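Residues per chain, in single letters:
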Amino acid sequence: MSTEPIAVVAGAGAVAAGARVPRDLQETVPLDDLRRGLAGPGGAGGRDERDAEPRDAEPRDAAPGVDPHDHATGAVRRDDAKGARRAVAAAERARRRYEKQEVRRFTKRSRRRRLVWSVVGGALALLVVVVVGGAYSPLMALREVRVEGAARIPPEQIVAAFEGELGTPLPLVTRDDVHSALAGFSLIETYSTETIPPGTLVVRIVERTPVGVIETARGLELVDGAGVVIDRLDARPDGQPLIETPGGTASDGFRAVAAVVRNLPAEVRTQLVGATAETADDVRLELAGGVPVVWGGAGDSATKAAVLARLMAVAPPDTVSGYDVSSPESAVTY
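Being a predicted model, the structure only gives us computed values, none of them experimental. (Residues numbered from 1 in each chain as written. Predicted model: local features only at pLDDT ≥ 70, side-chain atom pairs only at ≥ 80, totals over all residues. Heavy atoms only, no water.)

In this structure, what is going on with the overall build of the protein chain? I would like to understand it.
Counting its regular elements, the protein chain contains 9 helices and 14 strands. Residue burial in the protein chain is summarised as follows: out of 334 residues, 30% are buried. For the protein chain, the share of sequence-separated contacts (at least 6 apart) that also reach a separation of at least 24 residues comes to 48%. When the accessible surface of the protein chain is totalled, it reaches about 21,700 Å², and 55% of it is carbon and sulfur. (Helix = DSSP H or I, 4+ residues; strand = E, 2+ residues; numbered from the N terminus. Buried < 20%, exposed > 50% of the residue type's maximum accessible area, 1.4 Å probe, protein only. Contact = heavy atoms within 4.5 Å. Areas by Shrake-Rupley, 256 points an atom, 1.4 Å probe, with all protein chains shown as cover.)

In C-alpha coordinates:
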(Lines give C-alpha, C1' and ligand atoms only; values in the text may rest on other atoms or scores of the structure.)
Protein backbone atom coordinates (compact mmCIF):
# COMPACT_ATOMS: atom_id res chain seq x y z
CA MET A 1 0.00 0.00 0.00
CA SER A 2 1.44 3.30 -1.10
CA THR A 3 1.42 6.32 1.09
CA GLU A 4 0.81 9.80 -0.24
CA PRO A 5 1.20 13.13 1.48
CA ILE A 6 -1.93 14.34 3.02
CA ALA A 7 -3.34 17.73 4.03
CA VAL A 8 -5.60 18.51 6.91
CA VAL A 9 -8.71 20.47 6.07
CA ALA A 10 -11.58 21.65 8.22
CA GLY A 11 -14.98 22.95 7.52
CA ALA A 12 -15.76 24.62 4.21
CA GLY A 13 -12.25 25.91 3.36
CA ALA A 14 -8.62 25.53 4.10
CA VAL A 15 -7.57 26.53 7.61
CA ALA A 16 -4.81 29.06 7.87
CA ALA A 17 -1.50 28.00 9.21
CA GLY A 18 -1.41 27.89 12.99
CA ALA A 19 -5.24 27.88 13.37
CA ARG A 20 -6.63 25.45 15.87
CA VAL A 21 -9.42 23.08 14.66
CA PRO A 22 -11.42 20.63 16.77
CA ARG A 23 -10.43 17.06 16.25
CA ASP A 24 -13.92 15.91 15.34
CA LEU A 25 -13.98 18.35 12.40
CA GLN A 26 -10.64 17.33 10.93
CA GLU A 27 -10.33 15.12 7.82
CA THR A 28 -7.34 13.66 6.16
CA VAL A 29 -7.41 14.00 2.42
CA PRO A 30 -4.81 12.75 0.02
CA LEU A 31 -2.73 15.69 -1.26
CA ASP A 32 -3.53 14.91 -4.97
CA ASP A 33 -7.26 15.01 -4.29
CA LEU A 34 -6.80 18.35 -2.54
CA ARG A 35 -4.92 19.80 -5.50
CA ARG A 36 -7.67 18.66 -7.91
CA GLY A 37 -10.32 20.13 -5.69
CA LEU A 38 -8.56 23.46 -5.60
CA ALA A 39 -8.18 23.52 -9.39
CA GLY A 40 -11.80 22.49 -10.07
CA PRO A 41 -14.83 24.64 -10.83
CA GLY A 42 -15.27 25.41 -7.13
CA GLY A 43 -12.55 28.09 -7.42
CA ALA A 44 -10.25 28.88 -4.58
CA GLY A 45 -12.21 26.75 -2.16
CA GLY A 46 -11.84 23.61 -4.37
CA ARG A 47 -15.43 22.52 -3.58
CA ASP A 48 -18.69 24.32 -3.07
CA GLU A 49 -19.73 24.94 0.44
CA ARG A 50 -22.22 22.06 0.60
CA ASP A 51 -19.62 19.43 -0.42
CA ALA A 52 -17.01 21.05 1.81
CA GLU A 53 -19.07 20.81 4.93
CA PRO A 54 -18.09 17.92 7.11
CA ARG A 55 -20.65 15.46 8.28
CA ASP A 56 -20.53 16.66 11.75
CA ALA A 57 -21.08 20.36 11.09
CA GLU A 58 -20.33 23.02 13.63
CA PRO A 59 -23.23 24.34 15.63
CA ARG A 60 -25.16 27.02 13.80
CA ASP A 61 -24.52 29.57 16.49
CA ALA A 62 -20.75 29.09 16.25
CA ALA A 63 -18.72 31.10 13.77
CA PRO A 64 -17.22 28.98 10.97
CA GLY A 65 -13.63 27.98 11.56
CA VAL A 66 -13.54 29.29 15.19
CA ASP A 67 -13.01 27.09 18.15
CA PRO A 68 -15.67 27.75 20.81
CA HIS A 69 -12.93 27.40 23.37
CA ASP A 70 -11.30 30.49 21.88
CA HIS A 71 -13.94 32.68 23.57
CA ALA A 72 -12.65 31.74 26.99
CA THR A 73 -9.07 32.12 25.82
CA GLY A 74 -9.81 35.61 24.45
CA ALA A 75 -11.46 36.66 27.68
CA VAL A 76 -8.40 35.47 29.58
CA ARG A 77 -6.18 37.42 27.22
CA ARG A 78 -8.29 40.54 27.65
CA ASP A 79 -8.14 40.14 31.41
CA ASP A 80 -4.38 39.69 31.14
CA ALA A 81 -4.12 42.85 29.02
CA LYS A 82 -6.21 44.83 31.48
CA GLY A 83 -4.11 43.54 34.36
CA ALA A 84 -0.94 44.50 32.50
CA ARG A 85 -2.26 47.99 31.83
CA ARG A 86 -3.20 48.36 35.48
CA ALA A 87 0.24 47.18 36.51
CA VAL A 88 1.87 49.67 34.15
CA ALA A 89 -0.33 52.48 35.50
CA ALA A 90 0.48 51.49 39.08
CA ALA A 91 4.19 51.41 38.25
CA GLU A 92 3.90 54.85 36.65
CA ARG A 93 2.18 56.22 39.75
CA ALA A 94 4.82 54.69 41.98
CA ARG A 95 7.55 56.19 39.79
CA ARG A 96 5.99 59.66 40.03
CA ARG A 97 5.64 59.35 43.79
CA TYR A 98 9.27 58.34 44.05
CA GLU A 99 10.38 61.23 41.88
CA LYS A 100 8.38 63.67 43.99
CA GLN A 101 9.93 62.24 47.13
CA GLU A 102 13.41 62.60 45.67
CA VAL A 103 12.73 66.18 44.58
CA ARG A 104 11.43 67.06 48.05
CA ARG A 105 14.45 65.41 49.65
CA PHE A 106 16.96 67.27 47.50
CA THR A 107 15.15 70.61 47.82
CA LYS A 108 14.46 70.35 51.55
CA ARG A 109 17.27 72.77 52.46
CA SER A 110 16.28 75.37 49.87
CA ARG A 111 12.63 75.13 50.91
CA ARG A 112 13.61 75.58 54.54
CA ARG A 113 15.76 78.57 53.60
CA ARG A 114 12.89 80.12 51.66
CA LEU A 115 10.61 79.56 54.63
CA VAL A 116 13.08 81.23 57.00
CA TRP A 117 13.51 84.20 54.69
CA SER A 118 9.76 84.49 54.28
CA VAL A 119 9.25 84.52 58.04
CA VAL A 120 12.06 87.05 58.56
CA GLY A 121 10.77 89.26 55.76
CA GLY A 122 7.25 89.16 57.11
CA ALA A 123 8.46 90.00 60.62
CA LEU A 124 10.54 92.92 59.35
CA ALA A 125 7.64 94.23 57.27
CA LEU A 126 5.35 94.00 60.30
CA LEU A 127 7.96 95.75 62.46
CA VAL A 128 8.33 98.58 59.93
CA VAL A 129 4.58 99.04 59.79
CA VAL A 130 4.32 99.10 63.59
CA VAL A 131 7.28 101.49 64.01
CA VAL A 132 6.18 103.88 61.26
CA GLY A 133 2.59 103.82 62.44
CA GLY A 134 3.61 104.41 66.04
CA ALA A 135 6.20 107.09 65.22
CA TYR A 136 3.75 109.26 63.36
CA SER A 137 0.86 108.71 65.73
CA PRO A 138 -0.19 111.12 68.51
CA LEU A 139 1.48 108.77 71.00
CA MET A 140 4.87 110.08 69.81
CA ALA A 141 3.95 113.77 69.92
CA LEU A 142 6.39 116.22 71.52
CA ARG A 143 5.23 116.98 75.07
CA GLU A 144 8.41 117.91 76.99
CA VAL A 145 11.61 119.85 76.18
CA ARG A 146 14.55 119.25 78.50
CA VAL A 147 17.54 121.67 78.45
CA GLU A 148 21.06 120.68 79.58
CA GLY A 149 24.23 122.78 79.74
CA ALA A 150 22.66 126.20 80.15
CA ALA A 151 24.40 128.56 82.58
CA ARG A 152 23.98 132.16 81.42
CA ILE A 153 20.82 131.38 79.44
CA PRO A 154 17.69 130.69 81.50
CA PRO A 155 16.50 127.18 80.54
CA GLU A 156 12.84 128.25 80.57
CA GLN A 157 13.57 130.65 77.73
CA ILE A 158 14.85 127.81 75.59
CA VAL A 159 11.81 125.69 76.47
CA ALA A 160 9.52 128.54 75.49
CA ALA A 161 11.24 128.74 72.10
CA PHE A 162 9.92 125.24 71.30
CA GLU A 163 6.32 126.03 72.18
CA GLY A 164 5.29 125.99 68.52
CA GLU A 165 6.58 122.41 68.14
CA LEU A 166 4.61 120.91 71.02
CA GLY A 167 2.18 118.28 69.76
CA THR A 168 4.28 117.52 66.67
CA PRO A 169 5.35 113.85 66.25
CA LEU A 170 9.00 113.54 67.25
CA PRO A 171 10.16 112.23 63.84
CA LEU A 172 8.69 115.35 62.23
CA VAL A 173 10.73 117.74 64.41
CA THR A 174 13.59 118.44 61.99
CA ARG A 175 17.02 119.98 62.48
CA ASP A 176 15.78 123.12 60.75
CA ASP A 177 13.01 123.43 63.32
CA VAL A 178 15.50 123.14 66.18
CA HIS A 179 17.86 125.65 64.55
CA SER A 180 15.03 128.13 64.10
CA ALA A 181 14.10 127.82 67.77
CA LEU A 182 17.69 128.36 69.00
CA ALA A 183 18.82 130.96 66.47
CA GLY A 184 17.83 133.81 68.75
CA PHE A 185 20.25 132.77 71.52
CA SER A 186 23.64 134.30 70.71
CA LEU A 187 25.24 132.72 73.77
CA ILE A 188 24.79 129.22 72.32
CA GLU A 189 27.94 128.16 70.49
CA THR A 190 26.95 124.58 69.66
CA TYR A 191 24.04 122.31 70.49
CA SER A 192 22.84 118.75 70.04
CA THR A 193 19.47 117.10 70.45
CA GLU A 194 18.19 113.70 71.52
CA THR A 195 14.68 112.30 71.32
CA ILE A 196 13.45 110.07 74.12
CA PRO A 197 10.20 108.29 73.25
CA PRO A 198 7.40 108.74 73.62
CA GLY A 199 7.46 112.54 73.76
CA THR A 200 10.66 114.09 75.15
CA LEU A 201 13.21 116.23 73.30
CA VAL A 202 16.56 116.80 75.09
CA VAL A 203 18.51 119.90 74.00
CA ARG A 204 22.18 119.94 75.06
CA ILE A 205 23.87 123.29 74.54
CA VAL A 206 27.43 124.57 74.83
CA GLU A 207 27.49 128.23 75.67
CA ARG A 208 30.07 130.56 74.23
CA THR A 209 33.19 130.89 76.34
CA PRO A 210 34.18 134.50 76.91
CA VAL A 211 37.82 135.36 76.33
CA GLY A 212 37.72 138.95 77.50
CA VAL A 213 36.19 142.36 77.37
CA ILE A 214 36.54 144.92 74.62
CA GLU A 215 35.76 148.60 74.92
CA THR A 216 33.39 149.99 72.30
CA ALA A 217 31.32 153.12 71.81
CA ARG A 218 28.45 151.25 73.44
CA GLY A 219 30.53 150.43 76.49
CA LEU A 220 32.21 147.23 77.66
CA GLU A 221 31.24 144.07 75.79
CA LEU A 222 32.03 140.55 76.84
CA VAL A 223 33.09 138.57 73.73
CA ASP A 224 34.07 135.03 72.86
CA GLY A 225 36.90 133.86 70.64
CA ALA A 226 34.92 134.64 67.48
CA GLY A 227 34.19 138.19 68.63
CA VAL A 228 30.50 137.43 69.30
CA VAL A 229 29.10 139.68 71.99
CA ILE A 230 27.98 137.59 74.92
CA ASP A 231 26.96 140.38 77.24
CA ARG A 232 27.25 144.12 77.79
CA LEU A 233 28.79 145.15 81.11
CA ASP A 234 29.35 148.20 83.23
CA ALA A 235 32.66 146.95 84.67
CA ARG A 236 35.23 144.33 83.81
CA PRO A 237 34.58 141.06 85.68
CA ASP A 238 37.43 139.18 87.38
CA GLY A 239 39.24 136.76 85.13
CA GLN A 240 38.17 138.57 81.96
CA PRO A 241 41.05 140.64 80.56
CA LEU A 242 40.60 143.90 78.73
CA ILE A 243 41.65 143.13 75.16
CA GLU A 244 43.15 145.90 73.05
CA THR A 245 44.00 145.19 69.42
CA PRO A 246 44.12 147.46 66.37
CA GLY A 247 41.24 146.54 64.08
CA GLY A 248 38.99 145.18 66.83
CA THR A 249 37.60 141.66 66.83
CA ALA A 250 38.14 141.20 63.08
CA SER A 251 41.95 141.50 63.31
CA ASP A 252 44.57 138.75 63.40
CA GLY A 253 45.84 140.19 66.67
CA PHE A 254 42.46 139.62 68.36
CA ARG A 255 42.31 136.00 67.15
CA ALA A 256 45.85 135.40 68.47
CA VAL A 257 44.96 136.87 71.88
CA ALA A 258 41.78 134.73 72.04
CA ALA A 259 43.79 131.57 71.31
CA VAL A 260 46.27 132.42 74.06
CA VAL A 261 43.61 133.21 76.69
CA ARG A 262 41.78 129.92 76.00
CA ASN A 263 44.98 127.95 76.76
CA LEU A 264 45.73 129.59 80.10
CA PRO A 265 45.26 127.39 83.19
CA ALA A 266 42.78 128.55 85.82
CA GLU A 267 45.47 129.74 88.29
CA VAL A 268 46.90 132.06 85.66
CA ARG A 269 43.57 133.12 84.18
CA THR A 270 42.26 134.45 87.51
CA GLN A 271 45.23 136.87 87.69
CA LEU A 272 44.94 138.10 84.10
CA VAL A 273 43.78 141.70 83.73
CA GLY A 274 44.75 142.68 80.18
CA ALA A 275 45.98 141.46 76.79
CA THR A 276 47.30 143.32 73.75
CA ALA A 277 48.59 142.39 70.30
CA GLU A 278 49.85 144.74 67.62
CA THR A 279 50.24 141.69 65.32
CA ALA A 280 49.55 137.97 65.58
CA ASP A 281 53.17 137.37 66.67
CA ASP A 282 53.29 140.08 69.33
CA VAL A 283 50.94 139.00 72.09
CA ARG A 284 51.52 140.53 75.51
CA LEU A 285 49.64 139.78 78.73
CA GLU A 286 49.26 141.79 81.91
CA LEU A 287 48.85 140.21 85.33
CA ALA A 288 47.40 141.77 88.47
CA GLY A 289 49.75 144.43 89.83
CA GLY A 290 50.78 145.44 86.33
CA VAL A 291 53.26 142.56 85.84
CA PRO A 292 53.84 142.03 82.08
CA VAL A 293 54.21 138.70 80.26
CA VAL A 294 55.97 138.58 76.89
CA TRP A 295 54.18 135.82 75.01
CA GLY A 296 55.09 136.19 71.36
CA GLY A 297 53.05 134.29 68.78
CA ALA A 298 50.05 132.08 69.44
CA GLY A 299 52.00 128.98 68.46
CA ASP A 300 52.90 126.51 71.26
CA SER A 301 50.41 128.29 73.53
CA ALA A 302 49.77 125.15 75.60
CA THR A 303 53.50 124.70 76.30
CA LYS A 304 53.98 128.38 77.06
CA ALA A 305 51.01 128.34 79.44
CA ALA A 306 52.44 125.39 81.38
CA VAL A 307 55.88 127.06 81.61
CA LEU A 308 54.32 130.34 82.80
CA ALA A 309 52.36 128.53 85.51
CA ARG A 310 55.58 126.90 86.83
CA LEU A 311 57.46 130.21 86.76
CA MET A 312 54.68 131.94 88.68
CA ALA A 313 54.75 129.16 91.27
CA VAL A 314 58.50 129.52 91.73
CA ALA A 315 58.59 133.32 91.38
CA PRO A 316 55.22 134.88 92.21
CA PRO A 317 54.25 138.04 90.32
CA ASP A 318 54.84 140.27 93.33
CA THR A 319 58.51 139.19 93.43
CA VAL A 320 59.44 139.82 89.79
CA SER A 321 59.18 142.59 87.27
CA GLY A 322 57.89 140.33 84.47
CA TYR A 323 57.98 137.01 82.59
CA ASP A 324 59.16 136.09 79.10
CA VAL A 325 57.86 132.80 77.69
CA SER A 326 58.19 133.68 73.99
CA SER A 327 60.76 130.88 73.84
CA PRO A 328 59.36 128.21 76.22
CA GLU A 329 62.61 126.21 76.21
CA SER A 330 64.45 129.22 77.73
CA ALA A 331 61.73 131.10 79.59
CA VAL A 332 62.97 133.72 82.03
CA THR A 333 61.79 136.13 84.66
CA TYR A 334 63.10 139.66 85.01
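Resuming the write-up.
I would appreciate a short explanation of a positive patch on the surface in the present structure.
Together, Lys108, Arg109, Arg112, Arg113 and Arg114 give the surface a local cluster of positive charge. Along the chain, Lys108 turns up in helix H4 (residues 108–135). With relative accessibility at 45%, the residue Lys108 sits in the partly exposed group. (Patch = residues over 30% accessible without salt bridge, like charges linked within 9 Å, V, L, I, M, F, W, Y side chains within 5 Å. Salt bridge = Lys/Arg side-chain N within 4 Å of Asp/Glu carboxyl O. Lys, Arg positive; Asp, Glu negative; His and termini not counted. Charge placed at Lys NZ, Arg CZ, Asp CG, Glu CD.)

What exactly am I supposed to notice about unusual backbone geometry here?
Leave glycine aside and you will find that most residues have negative phi; peptide bonds, for their part, are mostly trans. Cis geometry is adopted by the peptide bond preceding Pro198, which originates at Pro197 and carries an omega value of 10°. Mapping Pro198 onto the fold places it in the loop between strand S4 (188–196) and strand S5 (200–207). Although it is not a glycine, Asp300 adopts a positive phi angle of roughly 60°. By the secondary structure assignment, Asp300 is in the loop between strand S12 (291–296) and helix H9 (301–314). On the accessibility criterion, Asp300 (53% relative accessible area) is exposed.

Explain the side chain of Thr245 here, please?
Among the secondary structure elements, Thr245 is positioned in the loop between strand S9 (242–244) and helix H7 (252–263). Residue Thr245 is classed as buried on the basis of its relative accessible area of 15%. Look past the residues within four positions of Thr245 in its chain and what remains in contact with it is Ser251, Gly253, Phe254, Val257 and Ala277.

In this structure, what is going on with the pairing of S4? I would like to understand it.
Successive side chains on a regular strand alternate, one facing one side of the sheet and the next facing the other. Of the strand pairs in this sheet, S4 and S5 are connected by 8 bridges, and their pairing is antiparallel. By the bridge assignment, Thr193 is partnered in S5 with Val203. (Pairing = 2+ DSSP bridges.)

How do you make sense of H9 when you look at a structure like this?
Count 3.6 residues to each turn of an α-helix, and residues three or four apart come out pointing the same way. Under the 1.5 Å per step criterion, the end-to-end length of H9 is 20 Å for 14 residues, consistent within 8% with the ideal 20 Å. For H9, the set of buried residues is Ser301, Lys304, Ala305, Val307, Leu308, Ala309, Leu311 and Met312. Where H9 is buried, its residues contact H7, helix H8 (266–269), strand S11 (283–287), S12, strand S13 (323–324) and strand S14 (332–333). (Expected span 1.5 Å × (residues − 1).)

Where do I start with H7 in this structure?
Compared with the 16 Å implied by 1.5 Å per residue over 12 residues, the 17 Å span of H7 between its first and last C-alpha is a close match. Among the residues making up H7, those that are buried are Gly253, Phe254, Ala256, Val257, Ala258, Val260 and Val261.

How do you make sense of the pattern of salt bridges when you look at a structure like this?
Proximity of charged atoms lets side chains of opposite charge pair with each other. The full count for this structure, using the stated rule, is 10 salt bridges. Taking the shortest distance from any N to any O, the salt bridge between Glu92 and Arg96 comes out at 3.4 Å. A residue pair is termed a helical-turn pair when its members lie 3 or 4 positions apart in one helix, as Glu92 and Arg96 do in helix H3 (residues 69–106) at 4 residues. Classification of Glu92 as partly exposed rests on a relative accessible area of 30%. Its relative accessible area of 39% is what places Arg96 among the partly exposed residues. Among the salt bridges present, the one from Arg232 reaches Glu221, with a minimum N-O distance of 3.3 Å. Of this pair, Arg232 sits in strand S8 (residues 229–233) while Glu221 sits in strand S7 (residues 219–224); the two residues are 11 residues apart in sequence, bridging distant segments of the chain. For Glu221, a relative accessible area of 2% gives the class buried. Among the ionic contacts, a cluster of salt bridges with common partners joins Glu92, Arg95, Arg96 and Glu99.

What is the right way to read a nonpolar patch on the surface from this model?
Together, Val116, Trp117, Val120, Leu124 and Leu127 give the surface a local cluster of nonpolar side chains, amounting to about 520 Å² of exposed area. Relative to the helices and strands, Trp117 is located in helix H4. Judged by relative accessible area, which is 61%, Trp117 ranks as exposed.

Looking at this model, I keep getting lost on the pairing of strand S6 (residues 210–216). Mind explaining?
Counting buried residues in S6 gives 5 out of 7 residues, a clear majority hidden from the surface. Where S6 lies against S7, 6 bridges are found, and the strand directions are antiparallel. Across the sheet, Val213 pairs through a bridge with Leu222, a residue of S7. What sits between the antiparallel neighbours S6 and S7 is a turn of 2 residues.

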